[in-house]
Amino acid sequence: MQVAVSLLAFDFLYLSKQLEEVEDQVDWLHFDVMDGHFVPNISFGPQVLQDVSKQSALYKDVHLMIYEPHLYIDAFMKAGADLITFHYEAYESDDDILSLIKKIKALGLKAGLSIKPKTQPKDILAFLNELDLVLVMSVEPGFGGQKFMPEALDKVAFLSTYKKAHNLNYLIEVDGGVNDQNAPSLKEKGAEVLVSGSYIMKGDIKENIARLK
Ligand code: DX5
Ligand code: ZN
């Protein structure tokens with residue numbers, strides 16, 4: 001099981017110090033980018049990623065909760081992204097989604113597609129053979145610290161069964177309200193990467209990560 005820590009739960013006054021604390025403990029850094037339109041919150045842009053890239057060698061997982069993500073791919077690539085995930089719901093046309101997946105991959109990055117709680121995995125079947133990762137949201141995107149929605153478990157199971165049946169390569173990542181209580185069932189259903197923000201960063205960071213793993 002890979003663990004990605006969400007920087008949304010960091011205290012940005014102590015960004016560098018908190019990065020040091022997680023560096024040897026987690027597998028990935030998860031960057032929640034929000035535009036105040038696609039979700040009702042604003043977080044940060046490529047500058048934060050660029051600064052973090054100077055300090056941390058961890059794998060950089062960028063989760064774009066924004067409209068028109070195609071306008072920002074180059075900036076996030078230059079800032080140090082390894083994987084860029086955007087939302088299925090950000091576009092109306094399948095062609096736009098497919099061409100953005102291809103654009104991200106042509107830049108040499110991994111491409112992910114995320115689905116909000118009301119979107120079903122069957123809505124994204126057309127993209128699965130192109131994707132490096134599928135991100136299942138287990139809260140409504142926009143804020144850290146929300147309660148895990150158990151409906152995500154069936155979606156993970158579906159994506160895992162489908163992946164095996166069709167011999168596909170995408171990783172299954174889950175994001176929102178992940179903790180030591182729901183991690184075992186997520187793993188059992190086939191989740192491969194767990195994003196966690198508030199569970200990891202509240203209290204003893206090292207202990208929390210170890211318990212999650
Ligand atoms: C929600 C974000 C998540 C979230 C995770 O919009 O995509 O990454 O911050 O944080 P917790 O673990 O606190 O739910
Ligand atoms: Zn996220």
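The notes below deal with the structure included here. These numbers come from a predicted model, not from an experiment.

Quick notes on the coordination of the zinc ion (ligand 2)
Here comes step 1: Protein coordination at the zinc ion (ligand 2) comes from His30 (NE2), Asp32 (OD), His63 (ND1) and Asp175 (OD), with a distance range of 2.0 to 2.3 Å.
Here comes step 2: Considering all six donor atoms around the zinc ion (ligand 2), angles at the metal cover 67 to 166 degrees and the coordination shape is octahedral.

A closer look at the sheet that holds strand β2 (residues 28–34)
Here comes step 1: The sheet built from eight strands closes into a barrel, its strands ordered β1-β2-β3-β4-β5-β6-β7-β8 with parallel pairing. Ignoring strand direction, the axes of neighbouring strands in this sheet form an average angle of 25 degrees.
Here comes step 2: Two elements, strand β4 (residues 83–87) and strand β5 (residues 110–115), share five bridges in a ladder whose sense is parallel. Note on β5: the bridge partner recorded for Thr85 is Gly112.

A few points about the pattern of salt bridges
Here comes step 1: Under the definition given, this model contains nine salt bridges.
Here comes step 2: Residue Asp74 is joined to Lys103 by a salt bridge in which the shortest nitrogen-to-oxygen separation is 3.5 Å. Taken together, the positions of Asp74 in helix α3 (residues 73–79) and Lys103 in helix α4 (residues 94–106) put the pair 29 residues apart, joining distant regions of the chain.
Here comes step 3: A salt bridge links Asp123 to Lys122, with the nearest nitrogen and oxygen atoms 3.9 Å apart.
Here comes step 4: Given a relative accessible area of 31%, Asp123 falls into the partly exposed group.

A look at the site of ligand 1
Here comes step 1: Looking at ligand 1, there are 20 residues lining it, with Asp32, Gly145, Asp175, Gly197 and Ser198 nearest.
Here comes step 2: Separating an oxygen atom of ligand 1 from a backbone N or O atom of Gly145 is a distance of 2.8 Å.
Here comes step 3: When the free accessible area of ligand 1 is taken as 380 Å², the share hidden by the protein chains comes to 99%.
Here comes step 4: Here the residues of the shell around ligand 1 sort into seven nonpolar, 11 polar and two charged.

Section: the packing of aromatic side chains
Here comes step 1: Summed over the entire model, instances satisfying the criterion amount to seven aromatic pairs.
Here comes step 2: Between the aromatic rings of Phe86 and Tyr91, the centroid separation amounts to 5.9 Å while the plane-to-plane angle is 85 degrees, which identifies the pairing as edge-to-face.
Here comes step 3: Phe86 gets classed as buried once you look at its relative accessible area, which sits at 0%.
Here comes step 4: Taken together through their ring pairs, the aromatic side chains of Phe12, Phe31 and Phe44 make up a single cluster.
Here comes step 5: Sitting over the face of the ring of Phe38, Lys116 holds its NZ or CZ atom 5.1 Å from the ring centroid.
Here comes step 6: Geometry around Tyr170 places Lys163 over its ring, the cationic atom sitting 5.9 Å from the centre.

Some remarks on the pairing of β2
Here comes step 1: Among the seven residues that make up β2, seven are buried, leaving the element largely enclosed by the rest of the structure.
Here comes step 2: In β2, alternate side chains face the same way, and those of Trp28, His30, Asp32 and Met34 on one face and Leu29, Phe31 and Val33 on the other are all buried.
Here comes step 3: Pairing of strand β1 (residues 2–6) with β2 involves three bridges; the strand directions are parallel. If you follow Val5 over to β2, its bridge partner there is Leu29.
Here comes step 4: For the handedness criterion, the β-α-β arrangement of β2, helix α2 (residues 46–55) and strand β3 (residues 59–65) is classed as right-handed.

Here is what the cut-offs are and how they apply
- Residues numbered from 1 in each chain as written.
- Chains lettered and ligands numbered in written order.
- Predicted model: local features only at pLDDT ≥ 70, side-chain atom pairs only at ≥ 80, totals over all residues.
- Heavy atoms only, no water.
- Donors = N, O, S within 2.8 Å, 3.2 Å for Na, K, Ca; no water.
- Tetrahedral: all angles 85-135°; square planar, octahedral: opposite > 155°, others 65-115°.
- Pairing = 2+ DSSP bridges.
- Helix = DSSP H or I, 4+ residues; strand = E, 2+ residues; numbered from the N terminus.
- Axes fitted to C-alpha atoms, helices over the stretch in contact; angles between N-to-C directions.
- Salt bridge = Lys/Arg side-chain N within 4 Å of Asp/Glu carboxyl O.
- Buried < 20%, exposed > 50% of the residue type's maximum accessible area, 1.4 Å probe, protein only.
- Near = heavy atom within 4 Å.
- Polar contact = N/O pair within 3.5 Å; in protein donor to acceptor, adjacent residues only side chain to side chain.
- Areas by Shrake-Rupley, 256 points an atom, 1.4 Å probe, with all protein chains shown as cover.
- Nonpolar A, V, L, I, M, F, W, Y, C, P; charged D, E, K, R; others polar.
- Phe/Tyr/Trp six-rings, centres within 6.5 Å; stacked < 30°, edge-to-face > 60°.
- Lys NZ or Arg CZ within 6 Å of the ring centre and 35° of its normal.
- Right-handed = clockwise from strand over helix to strand, strands pointing away.

Note that all results are geometric; they support no functional claim without further evidence.
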